[in-house]
Amino acid sequence: MSAAAFHISSLLEKMTSSDKDFRFMATSDLLSELQKESVQLDEDSERKVVKMLLRLLEDKNGEVQNLAVKCLGPLVGKVKEYQVEAIVDALCANMRSDKEQLRDIAGIGLKTILSELPPAATGSGLATTVCRKITGQLTSAIAQQEDVAVQLEALDILSDMLSSSPAMGNMIAPIFQALRGIVACPRPVPRLGAPLGAFHASLLHCLLPQLSSPRLAVRKRAVGALGHLAAACSTDLFVELADHLLDRLPGPRAPASPATIRTLIQCLGSVGRHAGHRFGNHLDRLVPMVEEFCNMDDDELRESCLQAFEAFLRKCPKEMSLHVPNITSLCLRYMKHDPNYNYDSDGEEEQMETEDHELSEQESEEEEYSDDNDDDMSWKVRRAAAKCLAALISSRPDLLPDFHRSLAPALIRRFREREDNVKADVFGAYVVLLRQTRPPKGWLASMEEPTQTGGNLHMLQGQVPLVVKALQRQLKDRSVRARQGCFGLLAELAGVLPGSLAEHMPVLVSGIIFSLADRANSSTIRMDALAFLQGLLGTEPAEAFHPHLPALLPAVTACVADPFYKIAAEALLVLQELVRALWPLDSPRALDPEPYVREMSAAALARLRATDLDQEVKERAISCTGHLVGHLGDRLGDDLQPMLSLLLDRLRNEITRLPAVRALTLVAASPLRLDLQPILAEALPVLASFLRKNQRALRLATLAALDALAQSQGLSLPPPAIRAVLAELPALISESDMHVAQLAVDFLATATQAQPASLAEVSGPVLAELLRLLRSPLLPAGVLAAAEGFLQALVGTRPPCVDYAELIGLLTAPVYEQDAGDGPGLHKQVFHSLARCVAALAAACPQEAAGTAGRLVRDARSPHSSTGVKVLAFLALAEVGQVAGPGPQRELKAVLLEALGSPSEDVRAAASYALGRVGAGNLPDFLPFLLGQMEAEPRRQYLLLHSLREALGAARPDSLKPYAEDIWALLFQRCEGAEEGTRGVVAECLGKLVLVNPPFLLPRLRKQLAAGRPHTRSTVTTAVKFLISDQPHPIDALLKTYVGEFLESLQDPDLNVRRATLAFLNSAVHNKPSLIRDLLGTVLPLLYQETKIRRDLIREVEMGPFKHTVDDGLDVRKAAFECMYSLLESCLGQLDICEFLNHVEDGLKDHYDIRMLTFIMLARLAALCPAPVLQRVDRLIEPLRATCTAKVKAGSVKQEFEKQDELKRSAMRAVAALLNIPEVGKSPIMADFSSQIRSNPELAALFESIQKDSASSRESVELS
């Protein structure tokens, strides 16, 4: 016998002792042993342990019984299946005992076992067996109705099984647990759905009669269990359940027990909450009946009806559309249903509020089914009405203007509600309305005509005085919860309408000070008041706070000194925001800080000096001090030096060094130009040491601080300390971290201008690293711009740190040292980077520019130059040629024209680019020449069009106006070219040309849509796409007036024109959605039309002995689906998601490219709009299943296998996204598909890898 078995045997012997303490200790030790993973039981020990624990479950001592129940959990995983079944049988028998304590223990034991059953994915059938055993016994106990206590316990266990246990109805939980936690099992696991189908039916038939039980508690538990069952059962059983409930509901005038009606309505609400997405087809019959019951004089029934409506609105918003007016009317009526109170009497109201203020939290959180016999149930009706309105507003954003007209005034009037629980929900409903009104991303009030969004905001603006007036008394209410609700609502209002609360500041400040001084209640209300004040400082104009600062500041500084660290930290943040908002650095001081600066500095210094503070308070104190010194350092007087010294001390402390570096940056960058000499000599070596640390955030902050110090202090910086800093920089200039490299090079440029002598000593190592960085193909634009600035600083000092010719030689050496026969060995991007740097040097030394251009021209002409040298020469000339003067430009024409005929594509492209860029600097000479060459050399027109595009983009619009007509005519002559690539460049040129004179040329461009042939119409539509940028542009207002006419091309008979129009629409949706939001009502039907497969565009092409199917409409469909995806990002509120999903569903069965798009869309929709996706999840699963199980034909090429693998991966990502919707787990079809994935090793491994990818991406986002 093993040591563990011997120990357990001795424990079992002690459990037979007559001393209850011996039994208790032995059972406790057994529990500890069973919880050890290393302990394994042999067959004899299993039998003895099970027998003893079952005996102890009937022990006379309750504590021993409780410990015995706890032992069952770990025991399940250590004994054989037949032993678990024996335990279950014994517990089910005990459930029918006439002893209440034994029944309770048996119930707890069954729940414990259910929670510990092994997942189905392990291959064990134990969960199924136990589930069937328990269900059989429990349904029998429920049906016999011998003992109400037995029924209640049985119903409780069934609800647990159906809702959350691993053994629940169709075993969804273990399936998903398996999918997320394991790779495929080595052998398939039998599906559990089939044997449990009948199990659901018996459950349903057992539970339905309990709705008529005379006991309220039984009815309540049956309602809960039916709600869980409705989410997991098959469609047929759900229809049976729904029909049963609807058939049992009597007419409103038919005689029926009020309790029966309440139970049925409550059951409908429970089913709606758990499986409302399946209720859609029954709502037309159900909702009118529930509306009638709302009119009965029964507050509990009204509450249940309104809760049912809330569930239906959230789960089936489209199907509820017809019923919205009636439900709105009912909610407005019952939201003010308070028969026991007269709101017209202010005195009475105050008295009632005082009496009702003491309502307990337990009452506020009361369950929707209540056994209590309160005299006044009306507050529950009002609360249910407010919640129903919140559901209505959130589910129907399309009705927002109507809500502002009808619901908003009613909600504002109800702010005076006397019951805190109801008031919180009224506030919540209005907050939902505010959030729905928040302008969408990309909405620019200054750039648009009034739209629906603008109209909603205008209506909201009119409500602000009413809101503030309604909340004026509430802000000083003795109820903390009421004040918290006020602050939350007003903060949301300020976020939606910045500046709207400025004129109401006296009321708000008074309310804030009242809460800040409230020390009688918990600290939460003071923190909420501080957070609200901080938000106001960010949204309201500073002038609004000036009159109130004498009263506000003492309250804030008192909070800074508060002993509770959370209040102190929040107050320091508010004080910092006060300084930043009231005395900004970028405008003259409108308020004299003298009366306030002493009080603020004293408060901040007291916190900065203390060393025994919470870390958050330390960091906030340092940041607040930095803002005080940076904004008001010239008024701090004697406090300035102590503050700087303390910042230096905090800089040396490892815990506070990062916030101290950031505070020092603020001080150094301040336009006050404070004297930092006392701390510079000590601070710079400390900062230099930070550059060697591994903490990236510290290195970034340090480089920013050094750059600010170099700009503000300049020659005052101690040279030895600067040299110590510069010595650390070469290691930071690396492509391993481009952001750090950019900041390092920026600092080098600043330091070069401030102290060139110091840099001369380290220029060698720094330049070596910089030149290596410039050869990186991944060089971002920011790093390149920083490098240009640094190189210009090197040659711009007097004397220069590095000679101009030497620096040019170092830059171009990598290209010139290549073997002439090898061609460009460097990445194309490197040539552009080096050319930009050469041009930057030439611009810094204008006297050298002509010579540099001449050398480049000679290199470009030389027959001995390699391809790389020529490419670099032309790219550099494109930049240098504009500043080199007319001499080299005359030679350039011949050289560039000759290069356009080069056999090297890279040389031709570089020469074309250079011709356009140089021409932009000398339009009178180059542009007529370029246009003439386009007429004379039709074979080179593609390259010459690229040159024209560069010239149009680089030249000033005014200088182009004299040539606009010639360019316009030439471009339209080439709109009908056969090559699509050429037409694309023509379209881009047209777009840039229109920007020269939009009011004149945009209408002409529109007229070409009617006058031109198909290729011309396509080119014109593509040209409009190039007028849209992601930044505000003067043409936007004009373009908005014409965009509807351009989008009419979606009805063009030509496929290419429609595809170009869809590309234009996609660009508008993605970059500037405000252009098309108001047109979506007419555009969306045309867009959806293009997603359909057209059989007349599918043809067969014979390729030798084979026939190949060609779909000419594929590109148009693909463009349409790309538009749909963009609409999800920027115009979600304007979409009918149900209609949108219809076309996504079609796309799931389309071509490979379109399926890839729709899988991504489906994953996005699952996150953004889970309710409508949930409604049709059963239909969405089938195409996903078909994709995941599809096989590539044997003998197919490698690309076909790769495409199918990528398609499967994309489909599986969509499945993973669907599983993130909580209720999807209860769908039988999803359970079936999940089981199929789990039983297939390939699919299970794929799902596991996707789960790992998504988890790692979430972690990286959190870390960043």
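Bear in mind the structure is a predicted one, so any value in this text is a computation, not a measurement.

### Brief notes about the overall build of the chain
- Helix and strand counts for the chain come out as 62 helices and two strands.
- Each of the 1264 residues in the chain was classed as buried or not, and the buried ones make up 55%.
- Pairs at least 24 residues apart make up 74% of the contacts formed inside the chain by residues separated by at least 6 positions.
- Counting every atom, the chain has about 53,200 Å² of accessible surface; 51% of that belongs to carbon and sulfur.

### Some points on the pairing of strand β1 (residues 1098-1103)
- The element β1 is barely covered by neighbouring structure, given that only zero of its six residues are classed as buried.
- As paired strands, β1 and strand β2 (residues 1106-1111) are joined by six bridges and run antiparallel to one another. Considered in β2, the bridge of I1098 is made with D1111.

### A short note on the pattern of salt bridges
- Under the counting rule described, the total for this entry stands at 62 salt bridges.
- Put simply, E616 and R620 hold a salt bridge, and the shortest N to O gap is 3.3 Å. Here the residue E616 and the residue R620 both occupy positions in helix α29 (residues 615-632), the gap between them amounting to four residues, near one helical turn.
- A relative accessible area of 34% means that E616 is categorised as partly exposed.
- When salt bridges that share partners are traced, they join D338, R382, R414, E417 and R418 into one network.

### A look at helix α49 (residues 980-994)
- Under the 1.5 Å per step criterion, the end-to-end length of α49 is 21 Å for 15 residues, consistent within 8% with the ideal 21 Å.
- When α49 is considered as a whole, its buried residues turn out to be T982, R983, V985, V986, A987, E988, C989, L990, G991, L993 and V994.
- Here the buried face of α49 lies against α46 (941-954), α48 (964-973), α50 (998-1011), α51 (1014-1025) and α52 (1035-1047).

### A closer look at the environment of D639
- Considering the arrangement of structural elements, one finds D639 in the loop between α29 and α30 (640-652).
- Those residues in contact with D639, other than ones at most four positions away along the chain, are R598, S601 and L605.

### Some points on the nonpolar core
- Grouped together as the largest cluster of nonpolar side chains are 374 residues, with contacts concentrated most on F309, Y430, L651, F874 and I1076.
- For L651, the contacting residues outside a window of four places in its chain are R657, A660, V661, L664, A683, V686, L687 and F690.
- V64, L67, L110 and L114 belong to the second-largest nonpolar core, a separate cluster that totals 39 residues.

### Notes on the confidence of the model for the chain
- Model confidence for the chain is summarised by a mean pLDDT of 83, while 87% of its residues fall at 70 or above.
- Taken together, the stretch residues 346-374 has pLDDT below 50 and engages in 45 contacts with residues farther than four places along the chain or on a different chain.
- Overall, residues 442-450 carries pLDDT values under 50, and its contacts beyond four positions in sequence, including any with other chains, amount to 14 contacts.

### Quick look at helix α3 (residues 43-56)
- Compared with the 20 Å implied by 1.5 Å per residue over 14 residues, the 20 Å span of α3 between its first and last C-alpha is a close match.
- Every buried residue of α3 is accounted for by S45, E46, V49, V50, M52, L53, L54 and L56.
- Buried residues along α3 sit against α1 (3-14), α2 (20-34), α4 (62-76) and α5 (81-95).

### Some details on the side chain of S1049
- Mapped onto the fold, S1049 is located in the loop between α52 and α53 (1055-1071).
- Residues contacting S1049, with those up to four places away along its chain left out, are L1009, T1021, V1057, R1058 and T1061.

### Overview of unusual backbone geometry
- Look at R673: it is not a glycine, yet its phi comes out positive at around 50°.
- Inspection of the secondary structure puts R673 in the loop between α31 (657-669) and α32 (677-690).

### Looking at the state of the cysteines
- Under the criterion given, the structure shown has zero disulfides.
- Free cysteine C1169: the closest other cysteine sulfur is in C1138, separated by 9.4 Å.

### Here we look at the side chain of Q266
- The topology assignment puts Q266 in helix α13 (residues 258-275).
- Assessed through its relative accessible area of 6%, Q266 is described here as buried.
- There is a polar contact of 3.4 Å between the side chain of Q266 and the side chain of S304.

### A word on the packing of helix α57 (residues 1152-1168) against helix α60 (residues 1198-1219)
- Remark: α57 packs on α60, axes separated minimally by 8 Å, with the N-to-C direction vectors making an angle of 15°. For the element pair α57 / α60, the angle class is roughly parallel. Of the two elements, α57 crosses α60, and the hand of that crossing is left-handed. In this structure, α57 contributes Y1152, R1155, M1156, F1159, I1160, L1162, A1163 and A1166 to the contact, and α60 contributes K1203, E1206, L1207, S1210, A1211, A1214, A1217 and L1218.
- Its residues assigned to classes, the contact of α57 with α60 comprises twelve nonpolar, one polar and three charged.

### Quick notes on the packing of α51 against α53
- Interaxial distance between α51 and α53 falls to 8 Å at its minimum, and their mutual angle equals 5°. Judged on the interaxial angle alone, α53 and α51 are roughly parallel. Mapping the contact onto sequence places P1014, H1015, R1017, S1018, T1021, T1022, V1024 and K1025 in α51 and N1056, V1057, A1060, T1061, A1063, F1064 and S1067 in α53.
- Among the residues forming the contact of α51 with α53, the class breakdown is six nonpolar, seven polar and two charged.

### Considering the packing of aromatic side chains
- Counting across every chain of the model gives ten aromatic pairs.
- With a centroid separation of 5.7 Å and 80° between ring planes, the pair formed by F238 and F279 is classed as edge-to-face. Within this pair, whereas F238 is found in helix α12 (residues 235-248), its partner F279 is found in the loop between α13 and α14 (283-294), the two being separated by 41 residues in sequence. Grouping residues by exposure puts F238 and F279 together as buried.

### Some words on the environment of V1069
- Counting through the fold element by element, V1069 comes out in helix α53.
- Put simply, V1069 and I1028 are 41 residues apart on the chain and 10.0 Å apart in space, counted from C-alpha to C-alpha.
- Residues in contact with V1069, not counting those within four places in the same chain, are I1076, S1126, L1127 and S1130.

Conventions adopted
Residues numbered from 1 in each chain as written. Predicted model: local features only at pLDDT ≥ 70, side-chain atom pairs only at ≥ 80, totals over all residues. Heavy atoms only, no water. Helix = DSSP H or I, 4+ residues; strand = E, 2+ residues; numbered from the N terminus. Buried < 20%, exposed > 50% of the residue type's maximum accessible area, 1.4 Å probe, protein only. Contact = heavy atoms within 4.5 Å. Areas by Shrake-Rupley, 256 points an atom, 1.4 Å probe, with all protein chains shown as cover. Pairing = 2+ DSSP bridges. Salt bridge = Lys/Arg side-chain N within 4 Å of Asp/Glu carboxyl O. Expected span 1.5 Å × (residues − 1). Core = buried A, V, L, I, M, F, W, Y, C linked by side-chain atoms within 4.5 Å. pLDDT = per-residue confidence, 0-100. Disulfide = S-S within 2.5 Å. Polar contact = N/O pair within 3.5 Å; in protein donor to acceptor, adjacent residues only side chain to side chain. Axes fitted to C-alpha atoms, helices over the stretch in contact; angles between N-to-C directions. Parallel < 35°, antiparallel > 145°, perpendicular 65-115°, else oblique. Left-handed = near helix turned anticlockwise from the far one by under 90°. Nonpolar A, V, L, I, M, F, W, Y, C, P; charged D, E, K, R; others polar. Phe/Tyr/Trp six-rings, centres within 6.5 Å; stacked < 30°, edge-to-face > 60°.

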